[in-house]
Amino acid sequence: MELVKFLSSVKQFEDLTKEEIDYLLQNAETVEYKQGADIKRHGEIGRFLWIVYDGKVDISISDDDGNKESIASLARGEIFGEMSIITGEPSGVDVVAADNSLLVRLPRETISEIFAKNPKSLSRFVQMITKRLVKRQTETTWSASRETAIKVNNDPYDLEFSSAVDPIKILVVNCRNTSLKYTLFNTAYSVPLVDGIIEKIGSPDSSHVIHSPLGGMEQHESLQDIASALKSMITAIADPKKGYLKNIEEIKAVGHRVVHGGDRFFNSIVVNDEVIAGIRSCNKMAPMHNPYNLMGIEVLEKLIPSAVHVAVFDTAFHRNMPEHAYRYALSKSLNEDETIRRYGFHGTNHNFVMLKAAEFLKRRVKELKIISCHLGHGSSVCAIDHGRSIDVSMGMTPLEGLIMGTRSGDVDPGLLLYLTQIGYTTEELNRILNTESGLKGLTGVSGYMTDVLKAAEEGNVMAETAIRMFCYRVKKYIGAYTAALGGLDVLIFTGGIGAGSYEIRARVCQGFEGFGTIIDSDLNKMNKPLTMQVEDVSDEKSKVKILVIQPDEKKMIARETLHAMGRFHSSKNRIEDYKNMPIPVNVSAHHVHLNPAAFEKLFGAGKTLRERAPLSQPGQFAAEETVNLIGPKGRVDKVRILGPFRKECQVEISRTEEFKLGIDAPVRDSGDIEGTPGITLEGTEGRLLKIEKGVICARRHVHMSTEDALRFGLRDRDVVLVKIKSSRELTFGDVLVRVNPEYRLDMHIDTDEGNAVQHTVGMQGYIEGIQSRAFM
Ligand SMILES: Nc1ncnc2c1ncn2[C@@H]1O[C@H](COP(=O)(O)OP(=O)(O)O)[C@@H](O)[C@H]1O
Ligand SMILES: CC(=O)OP(=O)(O)O
Ligand SMILES: [Mg+2]
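Residues numbered from 1 in each chain as written. Chains lettered and ligands numbered in written order. Predicted model: local features only at pLDDT ≥ 70, side-chain atom pairs only at ≥ 80, totals over all residues. Heavy atoms only, no water.

### A short note on the sheet that holds strand β2 (residues 38–40)
No. 1: Across the sheet, which stays open at both edges, the 4 strands sit in the order β2-β7-β4-β5 with antiparallel pairing between neighbours. Bordering the open sheet on either side are β2 and β5 (68–74), each of which pairs with just one other strand. Between one strand axis and the next, the sheet turns through 35 degrees on average, direction left out of account.
No. 2: Looking at chain direction, strand β4 (residues 57–62) and β5 are connected through 6 bridges and run antiparallel. By the bridge assignment, I59 is partnered in β5 with A72. (Pairing = 2+ DSSP bridges. Helix = DSSP H or I, 4+ residues; strand = E, 2+ residues; numbered from the N terminus. Axes fitted to C-alpha atoms, helices over the stretch in contact; angles between N-to-C directions.)

This is the structure we're talking about:
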């Protein structure tokens, strides 16, 4: 009762109804802190709105040397943590209890749900936030402390489940035709409670090996099919004597590895009938994996009905590859079938090692060009530009690309035609290419690299050749992807072979020295894969960091499961509201941003921008002046300059214009121009200026005010799906949400995207759901 009174008395909640206060109360928690205790640390990712109930808290910022400066002291009824609700960024401040204190905390989702329903209190809240935001943006110490936040956070990418407020148990399964791997996590701990591997399912000598911190064990039982293997797993983890679980209901979620998500799934998703049908429709494109992944889901839904089941797709990370990378050059009619394309796999681990590398190097993902070599039983190489997979060696199926344990990787498609002509059937080809080729086929000995290396050591010439071929193929892809990325910052080796064999790494890196990629032989040999998750094996002269990273697909699947559940819950109550809130959609035509120095070079000394017309975003305008763009192939004239001036020059054009100019520019968020191509600009009287970088194809995005964001329940950098209503209705994925108090609700697409939906004035879009969060 006392708490009800207190919450109603908080200034920002004055306009809430009794029911709304009750709802807050249901979700509120009170937490006690002793004087001097840390409440929130610099770098931590905030998830709550906090209110001081009793006592006093001190807010301070710290500089690089750790010196603290107090910026505020809050007493009863005052609020903090509001920034994270909007930005989801790591905290820029330290919060400490100045006295013994009692605090009330409210989850972010609860707050935004309330605000969506109560516009009056929303605007009250927004006023407070805007004041604080503006103050923070103008203070330099503040922005410096935000910059360092990512460096002092020891889990910036949530790889240790920092976002799980209340610990939960998540079971991760990778179910295949003859094997089952599973891991049980408690999100309070970094290491699993137990994990196990069942092999040779269907044969009389199937084995089940169980590992846990309490010790491992191995049992042999005849497991005839996947269902009995899954039952054996349940018996092992729910064993009352071992105490991993008291009962199976303790498992709140099951994360299923699903290899193929086709063109339907952009991200991990809570399973329902529609999702199951979607997975089934991809079975033919991953015959060695998908049908068994699906069987795992269907059996476990029955065995653990109380849990939320989440499908985590290998393909999701590659879902935004550019068209020039995902298309096959096939006939027109085959190309009209949108499902016939390259998808790429191992995305969960490529994503994991990318985040792990950024965390290790204390750099932002969005600053890095990365090549990840996942070398295991199945192998693939992935090119990652600023957090986005832009190419991967596996294609429509997991057969393309590298030489694998039993898969051929790249062959001439004509070979298959020839083999068909001389009488091979589809079944035979499937068996040969998937299970009898690769290392196994080449050596006739084994598909396991450990065996092949041993055989080579013993003088088996075919094993030597197989190793040489394996490494050569990896090397070719690294070379190609370095060119595709236009440079390289980090080369990652992961997977059983990549992280396990120094010999393979050394062979792959040979010949790259001239490109600034130099491996340190001693460090490379010394690496102790079991103790360290990341090891830097680059020579001190190497420009490229060469990292060995232990794969941890299962942990990444648990994290994805956690995030999919979060998205599911935060949009479940909201989805109907979303669907009724229209967003204006506008085509953002090509344009240029300049800095004052560039402008003077193009228009003459002392000249400055003249405003011609204001734009939809307050403070921004189209200038009188235009420039001509001159590329290696052609030119685009009269491109509008947008004001005001910025620090860096940036040229935003569509794919069609890129072609006209003869430039291939990456899709990037505005402002993220590192490593992008340059261009020549032409101003008045033939004045020319060559810029070294800055040409991008801007990623589609929605501008939102703080108020809109709270109403939608979205944060800055959320990535959403937007359905555009038109005679040619289309849903765009990968739409970035950008929140700023100054912004006005508006979605920006480029000219090509506008053409695709037959854009007309007044067109509107509707949010379908949250897809993911963009990286910092
Ligand atoms: N220390 C090692 N040196 C060389 N190869 C290794 C080493 N450890 C494992 N491997 C090889 O890694 C491959 C299995 O990779 P892994 O990533 O564990 O499997 P999967 O792709 O099925 O997840 C096998 O070819 C195995 O022989
Ligand atoms: C997609 C794929 O090849 O997976 P795996 O390496 O587990 O076989
Ligand atoms: Mg712009």
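So that's the structure; there's more coming.
### Brief notes about the nonpolar core
No. 1: Judged by nonpolar contacts, the single largest core of 51 residues is most densely connected at F13, I51, M704, F712, L714, M747 and I767.
No. 2: If you tally residues by element for this core, the top one is helix α5 (residues 119–138), at 6 residues.
No. 3: Each of two domains, domain 1 (2–152) and domain 4 (577–585 + 701–773), supplies a minimum of three residues to this core.
No. 4: When sequence neighbours within four positions are dropped, the list of residues in contact with I51 reads F6, L7, V10, F13, G77, E78, I79, L102, L103, V104 and L106.
No. 5: If you look at the next biggest cluster of nonpolar residues, it comprises 38 residues, including I371, I403, Y477 and C509. (Core = buried A, V, L, I, M, F, W, Y, C linked by side-chain atoms within 4.5 Å. Buried < 20%, exposed > 50% of the residue type's maximum accessible area, 1.4 Å probe, protein only. Domains from an automatic or database assignment. Contact = heavy atoms within 4.5 Å.)

### Some details on the sheet that holds strand β17 (residues 369–375)
Sheets are built from strands that pair by backbone hydrogen bonding, the pairs being arranged parallel or antiparallel.
No. 1: Strand order in the open sheet formed by 6 strands is β19-β18-β17-β20-β22-β21, and the pairing between neighbours is mixed. Among the strands making up the open sheet, the edge pair consists of β19 (388–392) and β21 (534–536). Averaged over neighbouring strand pairs, the angle between their axes works out to 25 degrees when direction is ignored.
No. 2: Sheet topology note: the β17/strand β18 (residues 379–385) ladder contains 7 bridges and is antiparallel. Along β18, the bridge assignment pairs L375 with S379.

### Points about the coordination of the magnesium ion (ligand 3)
No. 1: Around the magnesium ion (ligand 3), the donor atoms from the protein are H591 (NE2), H593 (NE2) and E652 (OE), and they sit 2.1 to 2.3 Å away.
No. 2: In the primary structure, the donors to the magnesium ion (ligand 3) are separated according to the pattern H-x1-H-x58-E. Here the residue H591 occupies a position in strand β24 (residues 591–593), and E652 occupies one in strand β28 (residues 650–652), the gap between them amounting to 61 residues. (Donors = N, O, S within 2.8 Å, 3.2 Å for Na, K, Ca; no water.)

### Re the site of ligand 2
No. 1: The environment of ligand 2 is made up of R176, R257, V259, H289, D314, F345, H346, G378, M394, P398 and R407.
No. 2: Contact distances for ligand 2 include 2.8 Å between an oxygen atom and a side-chain N or O atom of R257.
No. 3: Measuring from an oxygen atom of ligand 2, one finds a side-chain N or O atom of R407 at 2.7 Å.
No. 4: When the free accessible area of ligand 2 is taken as 260 Å², the share hidden by the protein chains comes to 94%.
No. 5: Split into classes, the residues belonging to the shell around ligand 2 amount to 4 nonpolar, 3 polar and 4 charged.
No. 6: When residues of the shell around ligand 2 are assigned to domains, at least three fall in each of domain 2 (169–313) and domain 3 (323–555). (Near = heavy atom within 4 Å. Polar contact = N/O pair within 3.5 Å; in protein donor to acceptor, adjacent residues only side chain to side chain. Areas by Shrake-Rupley, 256 points an atom, 1.4 Å probe, with all protein chains shown as cover. Nonpolar A, V, L, I, M, F, W, Y, C, P; charged D, E, K, R; others polar.)

### Considering the site of ligand 1
No. 1: Taken together, 14 residues are adjacent to ligand 1, and H377, M449, T450, G496 and G500 come closest.
No. 2: In this structure, an oxygen atom belonging to ligand 1 sits 2.9 Å away from a main-chain N or O atom of M449.
No. 3: Measuring from a nitrogen atom of ligand 1, one finds a backbone N or O atom of G500 at 3.2 Å.
No. 4: Compared with its free state, where it exposes 570 Å², ligand 1 has 70% of that area covered by protein.
No. 5: Looking at the shell around ligand 1, the elements that each hand over two or more residues are α16 (449–457) and α18 (495–500).
No. 6: The element contributing the most residues to the shell around ligand 1 is α18, with 4 residues.
No. 7: Classifying every residue of the shell around ligand 1 gives 4 nonpolar, 9 polar and 1 charged.

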